Amino acid sequence: MIVLIFKVLLIIILFVISLGVAAYATYGERKVAAFMQDRIGPDRAGPFGILQPIADGVKLFVKEEIIPNVSDKLLFILGPCIFMITALMTSAVIPWGTPMVYEGTVLKLQVADINIGILYVFGVVSLGVYGIMIGGWASNNKFALLGAVRASSQMISYELAMGMSLIAVIMMNGSLSLTDIVDQQKGLNWNIWYQPLGFIIFLICAFAECNRTPFDLPECETELVGGYHTEYSSMKLGLYLFAEYINMFISGAVISCLYFGGYNFPGLEYLSSVLNPNLVAVISFGALFTKALFFVFFFMWIRWTIPRFRYDQLMKLGWQILLPLSIVNVLLTGAGLTIFSK
Amino acid sequence: MQRLQIKKDMMQLTNRSKVVSNKEMSFKEKLYIPAILSGMGVTFKHMFKKSVSLRYPEVTREFSPVYRGMHVLKRDEQGRENCTACGLCAVACPAEAITMDAAERNKGEENLYREEKYAAKYEINMLRCIFCGLCEEACPKDAIYLTDRIVPTEYKRNNFIYGKDVLVEKIDERIDITKRKKEYTID
Ligand code: SF4
Ligand code: SF4
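Parameters at a glance
Residues numbered from 1 in each chain as written. Chains lettered and ligands numbered in written order. Predicted model: local features only at pLDDT ≥ 70, side-chain atom pairs only at ≥ 80, totals over all residues. Heavy atoms only, no water. Near = heavy atom within 4 Å. Nonpolar A, V, L, I, M, F, W, Y, C, P; charged D, E, K, R; others polar. Axes fitted to C-alpha atoms, helices over the stretch in contact; angles between N-to-C directions. Helix = DSSP H or I, 4+ residues; strand = E, 2+ residues; numbered from the N terminus. Parallel < 35°, antiparallel > 145°, perpendicular 65-115°, else oblique. Contact = heavy atoms within 4.5 Å. Phe/Tyr/Trp six-rings, centres within 6.5 Å; stacked < 30°, edge-to-face > 60°. Lys NZ or Arg CZ within 6 Å of the ring centre and 35° of its normal. Expected span 1.5 Å × (residues − 1). Buried < 20%, exposed > 50% of the residue type's maximum accessible area, 1.4 Å probe, protein only. 1 Å grid on protein atoms, 1.4 Å probe; cavity = no way out; pocket = protein on both sides within 12 Å on 5 of 7 lines; lining within 4 Å. Points joined across faces, edges and corners; volume = space filled by probe spheres on them. Salt bridge = Lys/Arg side-chain N within 4 Å of Asp/Glu carboxyl O. pLDDT = per-residue confidence, 0-100. Left-handed = near helix turned anticlockwise from the far one by under 90°. Pairing = 2+ DSSP bridges. Buried area = accessible area lost by both parts, 1.4 Å probe. Polar contact = N/O pair within 3.5 Å; in protein donor to acceptor, adjacent residues only side chain to side chain.

A short note on the site of ligand 2
Step number 1: Taken together, the neighbourhood of ligand 2 is formed by 14 residues, with B:Cys83, B:Cys86, B:Gly87, B:Cys89 and B:Cys139 sitting nearest.
Step number 2: Residue composition of the shell around ligand 2, by class: 11 nonpolar, 2 polar and 1 charged.

Printed below as a string of structure tokens:
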């Protein structure tokens, strides 16, 4: 019973945190963009513009809602819902911190500790394509359709290299469960030191999966108006935009779990021997949260640094460079494992 | 040969032009990542640079002395209108933006108008005006000046025809035009 209540609570907290992070990531993005371009950024709503996301949310809610008559109404509404749900669902298997203890019951800070955690992340992220594809298709607009086609082919192409780079991690840690993978990266014994190439491949693919610059072709304004969400307005558009930021946050958390030790940080062991486990859980959650937020910042940093790829360059990079590289990485990892495990 | 060289030099007005080359990229360049990292360094440095933005309605940027904005019809120290409706500004105006009606000053109006003839109506069509400042240069009476005020936007075209009510400066709110005074106009 305690476990059930705890899990429900955890789900609600994660839901709120994801939405909050997404809302403030929009604010952060504008601030980061402004600072990188020697500007000030939003500063009117509240001190330092801190209420800007709320103002944006209210604006999106009260805007006129337009559903084109030529669109497929059901699918048109379904599109953003699927995108949002898949974005939120990914966080279910991430181990957010060390276990908590309540009246002798050990409570894992993880909604579902399934032994194929990584595959789950993969599956759910791929489902996100449906949100985009259905939205673009149902809009009955050529730009939306083109954007959706681009998005789906791009995500499918980059999933291959991403999966390949993951295989190397799985080979090293010998488990598909995210809990195990994180557990094995105690202290500073992070996977990044053993898998630098794999990390770079994974990171690049994560950019493509999140449709972020330099791979934001599905919504590139210069060619496709708004891409797959051209016809969307009001909060449906808001869902698409928010989901993108949730995706960024979650992929930041996944990257931290896979390559940067998740909630581990040097000194965690010492802390857990002297402090109350619940406090340690909160601190370790803070560590993972910081790492994830750093990646959110990193995504923004890249966005305001490099321009967009051309579509053929994108495909070439995915199929001709990243995929072979990731296969080489798998081979190298295998060779390394056989040599060093003897 | 030498002439060609000179011609080439003359063509180059700035030293910012770059020769475009289609050379093959070296392996290091093809990796992209060093280039991306250095680009990220540049953007990161800019995060700590001073912002060039001004918080506009509260802080305004100072205009240069040669800025030519909305006109003002000046009064002299005693508050009398300088303009004598000579029409030279209207003649000088390349956009034909100025129209006026002259009237004779009556007895008892000496404290209103400096000269014996004055402009009963004086209108500038701000949509026609190109803010060239020729009216200011033409004026023999030191009466019209272009200031650093901005002509505000309007919804109706008619509202852009500014009459004396807008153009003539208020007695208690003098508009400073010392920046625009040229040596030969200071008397
Ligand atoms: S500034 Fe030039 S265009 Fe405008 S009213 Fe004066 S003379 Fe005419
Ligand atoms: S503003 Fe000057 S030039 Fe124009 S009518 Fe008046 S006195 Fe003459």
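Section: the packing of helix 7 (residues 196-209) of chain A against helix 9 (residues 234-259) of chain A
Residue and element names in this part refer to chain A.
Step number 1: Relative orientation of the contacting elements helix 7 and helix 9 amounts to 170°, with a least axis distance of 11 Å. Classed by the angle they form, the pair helix 7 and helix 9 counts as roughly antiparallel. Within the contact between the two elements, helix 7 uses Gly198, Phe199, Phe202, Leu203 and Ala206 and helix 9 uses Val254, Ile255, Leu258 and Tyr259.
Step number 2: Residues of the contact of helix 7 with helix 9, tallied by class, amount to 8 nonpolar, 1 polar and no charged.

Structural notes on the packing of aromatic side chains
Residues and elements named next belong to chain A.
Step number 1: This structure, assessed with the given rule, holds 31 aromatic pairs over all chains.
Step number 2: An angle of 35° between the planes, with centres 6.2 Å apart, marks the rings of Phe294 and Phe298 as tilted. Here Phe294 pairs with Phe298, and both are found in helix 11 (residues 277-303), just 4 residues apart, close to one helical turn.
Step number 3: Between Lys142 and the ring centre of Phe143, over which it is positioned, the NZ or CZ distance is 5.9 Å.

Concerning helix 7 of chain A
Given 3.6 residues to a turn, an α-helix orients residues that are three or four positions apart in the same direction.
Residues and elements named next belong to chain A.
Step number 1: Its 14 residues give helix 7 an end-to-end C-alpha distance of 20 Å, which sits within 8% of 20 Å, the value for a rise of 1.5 Å per residue.
Step number 2: For helix 7, the buried fraction is high: 10 of the 14 residues fall into the buried class.
Step number 3: Among all positions in helix 7, only Gly198, Phe199, Ile201, Phe202, Leu203, Cys205, Ala206, Phe207, Ala208 and Glu209 are buried.
Step number 4: Here the buried face of helix 7 lies against helix 4 (117-138), helix 5 (142-173), helix 9, helix 11 and helix 12 (311-340).

Considering the layout of surface pockets
Step number 1: Space inside the largest pocket adds up to approximately 1200 Å³.
Step number 2: Around the largest pocket, the lining is made up of 36 residues, and of these A:Phe309, A:Leu317, B:Leu31, B:Tyr32 and B:Ile36 lie nearest the centre.
Step number 3: Elements with a minimum of two residues in the lining of the largest pocket: helix 7, helix 11 and helix 12 of chain A together with helix 2 (27-31) and helix 3 (33-46) of chain B.
Step number 4: Per element, the largest residue contribution to the lining of the largest pocket is 8 residues, and it comes from helix 7 of chain A.

What about the site of ligand 1?
Step number 1: Close to ligand 1 lie 13 residues, the nearest being B:Cys93, B:Cys129, B:Cys132, B:Gly133 and B:Cys135.
Step number 2: In terms of residue class, the shell around ligand 1 is made up of 11 nonpolar, 2 polar and no charged.

Quick notes on empty space enclosed by the protein
All names here are of chain A.
Step number 1: The full count for this structure, using the stated rule, is 3 cavities of 30 Å³ or more.
Step number 2: Its volume calculated, the largest cavity comes out at about 260 Å³.
Step number 3: If you trace the largest cavity, you find 23 residues lining it, with Thr90, Val121, Val125, Asn247 and Ser251 closest to the centre.
Step number 4: Secondary structure elements with two or more residues in the lining of the largest cavity: helix 3 (73-89), helix 4, helix 5, helix 7 and helix 9.
Step number 5: A per-element tally of the lining of the largest cavity places helix 4 first, with 6 residues.
Step number 6: The residue inventory of the lining of the largest cavity, partitioned by class, reads 17 nonpolar, 5 polar and 1 charged.

Observations regarding unusual backbone geometry
Step number 1: In this structure, A:Asn211 is a non-glycine residue whose phi angle is positive, near 55°.
Step number 2: Here A:Asn211 shows up in the loop between helix 7 and helix 8 (221-224).
Step number 3: Backbone geometry at B:Phe131 places phi at a positive 55°, although glycine is not the residue there.

Some points on the pattern of salt bridges
All names here are of chain A.
Step number 1: Summed over all chains, the structure comprises 15 salt bridges over all chains.
Step number 2: Taking the shortest distance from any N to any O, the salt bridge between Lys236 and Glu65 comes out at 2.5 Å. With Lys236 in helix 9 and Glu65 in the loop between helix 2 (52-62) and helix 3, the pair connects residues that are 171 residues apart, well separated along the chain.
Step number 3: Lys236 gets classed as buried once you look at its relative accessible area, which sits at 12%.
Step number 4: Here the salt bridges do not stand alone but share partners, grouping Glu29, Arg212, Glu244 and Arg303 into one network.

Observations regarding the confidence of the model for chain B
Step number 1: Scored by pLDDT, chain B comes out at a mean of 84, with 90% of its residues at no less than 70.
Step number 2: Listed scores for the predicted complex are pTM 0.77 and ipTM 0.75.

Let's talk about the packing of helix 5 of chain A against helix 7 of chain A
All names here are of chain A.
Step number 1: Where helix 5 contacts helix 7, the axes come no closer than 9 Å and their chain directions differ by 155°. Judged by the inter-axis angle, helix 5 sits roughly antiparallel to helix 7. For the element pair helix 5 and helix 7, the recorded crossing hand is left-handed. Where helix 5 approaches helix 7, its residues Gln154, Met155, Tyr158, Glu159, Ala161, Met162, Ser165 and Leu166 are matched on the opposing element by Gly198, Ile201, Phe202, Ile204, Cys205, Ala206, Ala208 and Glu209.

Let's talk about the sheet that holds strand 2 (residues 98-104) of chain B
All names here are of chain B.
Step number 1: The strand order 2-3-5 describes an open sheet built from 3 strands, whose pairing is antiparallel. For this open sheet the edge positions go to strand 2 and strand 5 (161-162), each flanked by a neighbour on one side alone.
Step number 2: Sheet topology places strand 2 next to strand 3 (residues 117-125); 7 bridges connect them, and they run antiparallel. Along strand 3, the bridge assignment pairs Ala103 with Tyr118.

Some thoughts on the interface of chain B and chain A
Step number 1: Counting from both sides, the interface comprises 17 residues of chain B and, opposite them, 15 residues of chain A.
Step number 2: Here chain B packs against chain A, burying approximately 1500 Å² in sum over the two surfaces, 67% of which is carbon and sulfur.
Step number 3: Across the salt bridge formed by A:Arg44 and B:Glu58, the nearest N and O atoms sit 3.0 Å from each other.
Step number 4: If you look at where chain B meets chain A, you find 7 residue pairs in polar contact (both at pLDDT 80 or more).
Step number 5: Taken together, the residues that form the side of chain B that touches chain A break down as 8 nonpolar, 5 polar and 4 charged.

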